[in-house]
Amino acid sequence: VMKTYKILTLVLLAGAFLAAGCANLQNLIQPKSPTRTLENFVEASQKKDVEGVKKSLSANSLKMMDNLAKMQGKTLEQTIREGDTTGGANSFTKTPESRNEKITDDTATVEVKNEKTGEWETLHFVKEGEDWKIALDKSIEEMYKKVFENFKLPDFGDPNSATDEPSSADDKKP
């Protein structure tokens, strides 16, 4: 009977080590990538895992979010727990469809399908140490550039032109 318990214990321990080894093997098979970072970010966001969300975001993104949180009288952690991890732009209910991961040195982009509009949007990443991080600050900057590159003020005329200035009675004195 004692021998059976020892064998059973060894089998259980071997199974536990094998399971732990498979998890590490999965990380070797599926190396760190921007797309994997996005998946981790969405998973952490859904679980309201503050540390997991923070690990997925670049240092500059965290600074930006911290400033936005302070403007609302909150902490960064409160903002993440409340699910507002991108300053209002996070609407992921699941990991979005993605395509065209492009890596150039320490920066990368992944196209992500917007669940609401069906349009493809570019999400930026930066490499910090050995890890890819979501660069929300860069993504928001690029979004504003797109919006404002098509924005043009109307032509108000030449400010030095006399024809554009209103005339007054004093100007007509002989």
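The model shown is predicted, which means the values in this text are computed figures rather than measured ones. Throughout this description, residue numbers start from 1 for each chain and increase along the sequence as written. The predicted nature of this model means local features are confined to residues of pLDDT at least 70 and side-chain atom pairs, given and counted, to a pLDDT of 80 or more, with totals for whole chains, interfaces and linings taken over all residues. Values shown for side chains rest on all heavy atoms present in the structure; no hydrogens or waters enter the calculation.

Caption draft 1: Seen up close, the nonpolar core. The definition of a nonpolar core used throughout is a set of buried Ala, Val, Leu, Ile, Met, Phe, Trp, Tyr and Cys residues joined through side-chain atoms within 4.5 Å. Burial here depends on accessible area, computed with a 1.4 Å probe over protein chains only, as a share of the maximum for the residue type. Under 20% is buried, over 50% is exposed, and the range in between is partly exposed. Counting 20 residues, the largest nonpolar core has L38, L57, M65, L123, F125, I134 and L136 as its most contacted members. Any pair of residues with heavy atoms lying within 4.5 Å of one another is described as a contacting pair. Ignoring any residue separated from it by four or fewer positions in sequence, one finds L123 in contact with L38, A108, T109, V110, V112, I134, L136 and S139.

Caption draft 2: Inspection of the side chain of T37 at higher detail. You can see T37 is positioned in helix 2 (residues 34–47). Not counting residues within four places of it along the chain, the set of residues in contact with T37 comprises S56, F125, W132, K133 and I134. For helices the rule is a DSSP run of H or I covering at least 4 residues; for strands it is a run of E covering at least 2, with both sets numbered from the N terminus onward.

Caption draft 3: Spatial organisation of the pattern of salt bridges. One speaks of a salt bridge when a side-chain nitrogen belonging to Lys or Arg is within 4 Å of a carboxyl oxygen belonging to Asp or Glu. A complete count under the given rule lists 11 salt bridges for this structure. Between K54 and E77 there is a salt bridge, with the nearest N and O atoms lying 2.7 Å from each other. Of this pair, K54 sits in helix 3 (residues 50–56) while E77 sits in helix 5 (residues 76–81); the two residues are 23 residues apart in sequence, bridging distant segments of the chain. According to the relative accessible area criterion, E77 is partly exposed, its value standing at 26%.

Caption draft 4: Fine view of the sheet that holds strand 3 (residues 120–128). Ordered in space as 1-2-3-4, the four strands form an open sheet in which the pairing is antiparallel. Here the strands that pair on one side only, and so sit at the sheet edges, are strand 1 (98–104) and strand 4 (131–134). In this sheet, adjacent strand axes meet at a mean angle of 25° when their direction is disregarded. For two strands to be treated as a pair, DSSP must find at least two bridges joining them. Two strands pair when backbone bridges link them, and strand 3 and strand 4 are joined in this way by four bridges, in the antiparallel orientation. Note on strand 4: the bridge partner recorded for F125 is I134. Across the sheet, helix 6 (residues 136–149) touches strand 3 and strand 4, and the angle it forms with strand 3 is around 145°. Where helices are involved, their axes are fitted lines through C-alpha atoms of the stretch in contact, as for all axes, and angles between N-to-C directions lie from 0 to 180°.

Caption draft 5: Structural detail: a nonpolar patch on the surface. Each patch is built from residues lacking any salt bridge and having more than 30% relative accessible area; the joining distance is 9 Å for like charges and 5 Å for nonpolar side chains (Val, Leu, Ile, Met, Phe, Trp, Tyr). In this description, accessible areas are obtained by the Shrake-Rupley approach with a 1.4 Å probe, and a residue is regarded as covered only by the protein chains that are shown. On the surface, M143, Y144, V147 and F148 cluster together to form a nonpolar patch covering roughly 430 Å² of accessible area. Position of Y144 among the secondary structure elements: in helix 6.

Caption draft 6: Region of the structure containing the environment of E101. One can find E101 in strand 1. Given a relative accessible area of 34%, E101 falls into the partly exposed group. Taking C-alpha positions, E101 is 6.9 Å from E111, a pair spaced 10 residues apart along the chain. Leaving out residues up to four positions away in the same chain, E101 has contacts with S33, P34, T35, T109 and V110.

That is the geometry; function is a separate question.
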